[in-house]
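# Structural overview
Below, each chain spelled out in residue letters.
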Amino acid sequence: MSIKKKLLKTLTWRITASLTTLFIVYIVSGEIKTAGIVTLLEGTIKMIIYYFHETIWEKIQLFKKDNKDNSSLK
């Protein structure tokens, strides 16, 4: 996956998740300022964590096919 696609995927998911967080915190607290602060903190931290999580999974060879092994079967 290209870095542009990975960043776009990260950003669009973060927008969706942040709107959900904003809504939930607003319902619980009744304060839009509190909801906004929590949403910004949560969104920023989770976006960074998600990027590195995605990068690590991209490097894991567990489910990837080894092209060298498959080429000998042709």
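In this report, we go over the structure that sits alongside the text. Worth saying up front: this structure is predicted, and the values here are computed from it rather than measured.

### Structural notes on the overall build of the protein chain
Scanning the protein chain from terminus to terminus reveals three helices and zero strands. Starting at the N terminus, the α and β elements of the protein chain follow one another as α-α-α. For the protein chain, buried positions account for 18% of its 74 residues. Summing over all exposed atoms, the protein chain offers an accessible surface of approximately 6300 Å²; the carbon and sulfur share of this is 71%.

### Section: the pattern of salt bridges
Where side chains of opposite charge bring their charged atoms close, a pairing between them can arise. Inspection of every chain in the model, using the stated rule, returns four salt bridges. Residues K6 and E58 are paired through a salt bridge, measuring 3.5 Å at the closest nitrogen-oxygen approach. Taken together, the positions of K6 in helix α1 (residues 3-29) and E58 in helix α2 (residues 32-59) put the pair 52 residues apart, joining distant regions of the chain. Taking relative accessible area as the criterion, E58 reaches 30% and is therefore assigned partly exposed. For the salt bridge of R14 with E42, the shortest nitrogen-to-oxygen distance reads 3.2 Å. Note that R14 is positioned in helix α1 and E42 in helix α2, a separation of 28 residues in sequence. A residue is classified by how much of its surface remains accessible, and R14, at 9% relative accessible area, is buried. One connected set of salt bridges, linked through shared partners, spans R14, E42 and K46.

### As for a nonpolar patch on the surface
There is a patch of nonpolar side chains on the surface, built from I48, F52, I56, W57, I60, L62 and F63 and spanning about 800 Å² of accessible area. The residue L62 is located in the loop between α2 and α3 (67-71) in this model. A relative accessible area of 60% places L62 in the exposed class.

### Concerning the packing of α1 against α2
Taken N-terminus to C-terminus, the directions of α1 and α2 make an angle of 150 degrees; their axes are 8 Å apart at the nearest point. Judged on the interaxial angle alone, α2 and α1 are roughly antiparallel. Of the two possible hands of crossing, α1 and α2 adopt the one that is right-handed. Its residues assigned to classes, the contact of α1 with α2 shows twelve nonpolar, nine polar and seven charged.

Procedures and definitions
- Residues numbered from 1 in each chain as written.
- Predicted model: local features only at pLDDT ≥ 70, side-chain atom pairs only at ≥ 80, totals over all residues.
- Heavy atoms only, no water.
- Helix = DSSP H or I, 4+ residues; strand = E, 2+ residues; numbered from the N terminus.
- Buried < 20%, exposed > 50% of the residue type's maximum accessible area, 1.4 Å probe, protein only.
- Areas by Shrake-Rupley, 256 points an atom, 1.4 Å probe, with all protein chains shown as cover.
- Salt bridge = Lys/Arg side-chain N within 4 Å of Asp/Glu carboxyl O.
- Patch = residues over 30% accessible without salt bridge, like charges linked within 9 Å, V, L, I, M, F, W, Y side chains within 5 Å.
- Axes fitted to C-alpha atoms, helices over the stretch in contact; angles between N-to-C directions.
- Parallel < 35°, antiparallel > 145°, perpendicular 65-115°, else oblique.
- Left-handed = near helix turned anticlockwise from the far one by under 90°.
- Nonpolar A, V, L, I, M, F, W, Y, C, P; charged D, E, K, R; others polar.

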